[in-house]
Amino acid sequence: MKLFEEIVNRINFDPELTQNGTKIVLYGKKLAYFENVKKIFAFNSTELVLLTKGNKVQIIGENLMIQQYGEGDLLLQGDMHSVAFVE
């Protein structure tokens, strides 16, 4: 089971409302987990821009490192300053 699905189940949130959307879980400012990632637009140690299902997401920070990427999941580590939906 994917992490986000487990969280939704534990808080009794209607899973129909969350299917195929952009899913972001932040662990403080040091770790972020993204589901439904379709493409990485840009990446360096200070910026990551992702295309997820239906949204473009920009992460700004320092020492950003992709720890894991595959099958639509991405795990990012570093000093994150902002996470925003962008056009």
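Since we're looking at a predicted model, the values are computed, not measured. Residue positions are counted from 1 within each chain, in the order its sequence is given. Selection of residues for local features in this predicted model requires a pLDDT of at least 70, selection of side-chain atom pairs for listing and counting requires 80 or more, and totals for whole chains, interfaces and linings are taken over all residues. Computation of side-chain values: all heavy atoms of the structure, hydrogens and water removed.

Caption draft 1: How the structure looks around the sheet that holds strand 1 (residues 23-27). We call two strands paired when DSSP finds no fewer than two bridges between them. We count a stretch as a helix when DSSP gives it H or I for four or more residues in a row; a strand needs E for two or more, and each element gets its number in order from the N terminus. Pairing in this open sheet of six strands is antiparallel, and the strands run 1-2-6-5-4-3 from one edge to the other. Single-partner strands in this sheet number two, and they are strand 1 and strand 3 (37-43). Within this sheet the neighbouring strands show an average axis-to-axis angle of 40°, counted without direction. In the sheet, strand 3 pairs with strand 4 (residues 47-52) via five bridges, with the strands oriented antiparallel. Comment: axis = line fitted to C-alpha atoms, over the contacting stretch for helices; angle = value between 0 and 180 degrees taken between N-to-C directions.

Caption draft 2: Quick peek at the nonpolar core. With eleven residues, the main nonpolar core is built from Ala32, Phe34, Val37, Leu48, Leu50, Val57, Ile59, Leu64, Leu74, Leu76 and Met80. Sorting the residues of this core by element identifies strand 2 (31-35), strand 4, strand 5 (55-70) and strand 6 (73-86) as the ones contributing at least two each. In this description, contact between two residues means that some pair of their heavy atoms is separated by no more than 4.5 Å. In contact with leucine 74, not counting residues within four places along its chain, are Ala32, Tyr33, Phe34, Val37, Ile40, Leu48, Leu50, Ile66, Gln68 and Tyr69. The nonpolar core is taken to be a set of buried Ala, Val, Leu, Ile, Met, Phe, Trp, Tyr and Cys residues, with the residues joined through side-chain atoms within 4.5 Å. Think of it in three bands: residues with accessible area under 20% of the maximum for their type are buried, residues over 50% are exposed, and the middle band is partly exposed, with areas taken using a 1.4 Å probe on protein chains only.

Caption draft 3: Inspection of the environment of leucine 3 at higher detail. Tracing the sequence through the fold places leucine 3 in helix 1 (residues 3-10). Residue class for leucine 3 comes out partly exposed when judged on its relative accessible area of 30%. Along the backbone, leucine 3 and glutamate 62 are 59 residues apart, and their C-alpha atoms lie at a distance of 25 Å. Contact partners of leucine 3, with chain neighbours within four places excluded, come to Tyr27, Tyr33 and Glu35.

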